[in-house]
Amino acid sequence: KYPVIRIISYICHRYFSKANRSTVLAKYMTMSSFVCVYEMYKKIKRNPEDMDAFNNIIWASVDMALTPMYNIEENVSVDALANAIVGVFDCPIEHAENIVIPAWFEFAKTYLEREITQIGNVVFNVPINFFDYTETCKLTIVKIKEFAKSFDLPYKLRDLGADGTRVEEILYKAGFPE
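About the cut-offs
Residues numbered from 1 in each chain as written. Predicted model: local features only at pLDDT ≥ 70, side-chain atom pairs only at ≥ 80, totals over all residues. Heavy atoms only, no water. Phe/Tyr/Trp six-rings, centres within 6.5 Å; stacked < 30°, edge-to-face > 60°. Helix = DSSP H or I, 4+ residues; strand = E, 2+ residues; numbered from the N terminus. Buried < 20%, exposed > 50% of the residue type's maximum accessible area, 1.4 Å probe, protein only. Core = buried A, V, L, I, M, F, W, Y, C linked by side-chain atoms within 4.5 Å. Contact = heavy atoms within 4.5 Å.

Engineer: Can you lay out the packing of aromatic side chains for me, pointing to particular residues and giving the numbers?
Structural biologist: Within the structure shown, the criterion is met by 10 aromatic pairs. Pairing Tyr-38 with Phe-147 gives two aromatic rings, centres 4.9 Å apart and planes at 80°, and the pair type is edge-to-face. Pair noted here: Tyr-38 is in helix α2 (residues 24-46) and Phe-147 is in helix α7 (residues 133-149), with a separation of 109 residues, a long-range link. Both rings, one in Phe-147 and one in Phe-151, keep their centres 5.0 Å apart while their planes meet at 55°; by these two values the pair is tilted. Pair check on accessibility: Phe-147 and Phe-151 agree, each one buried. Within the aromatic cluster, the residues linked to one another by ring pairs are Phe-34, Tyr-38, Tyr-41, Phe-124, Phe-147 and Phe-151.

Engineer: Go over the nonpolar core, please, and point to the residues and values.
Structural biologist: Core analysis: the largest hydrophobic core is formed by 50 residues, its most contacted members being Phe-16, Phe-34, Phe-105, Ile-119, Phe-124 and Phe-147. Those elements giving two or more residues to this core turn out to be α1 (2-15), α2, α3 (51-66), α4 (77-89), α5 (93-108), α6 (113-124) and α7. For Phe-147, the residues in contact, after removing those within four places along its chain, are Val-4, Ile-8, Phe-34, Tyr-38, Tyr-41 and Phe-124.

Now the structure itself:
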C-alpha cells in the first residue's frame, strides 16, 4: 500500500500541473495510469498474490516516471504540506500523503472542478452530470476519500495524534510566513 500512495501522489502532481494541461496526450496518459493503479490496487486487496496486478502498477509508475512533461511544476502544495507533516510528526511520507491528498481535493474543488470531475468519471466511473459539474465533483471527492481510507493508514491529522494546536507549525514548515 505504501508504494501505491506514492504513485497516486505523483500522478496527482502530474495531472494537476499546469504543464499537464498544455498537452492532451500527457493528460490522458496520466489519467490512464491513475485508472490502472486504482483498479490493480483493488485486485491486490482481493488477492495479494496477483502478480499481474503488481506488474501493472509497476508499469504505471514507470510510465509516469519516464513520460516527458515540459515545465512540470516542482512546487506543488500537496508535496509541501505532506513534507511539512512529516517534519512535524515524524511519520512516513505515505501517511502524510494519505492525509493531504483527500484534503487537497476538497480544497481544490472550487477552482479545478472540471479536472476533478474528469478523474471521477474516468477513474472511479462516476457519471457526469452535465447540468451540474459540482455534483459530480463532490461524488468524486467521496470516492477519493473512500480510496484513501482503504489503505488503513492515517487519514486525518488526529490519526497522528494531532489537534488544531500544531496547524501553525505545519504551515510554517510548508513555507508559509509566521
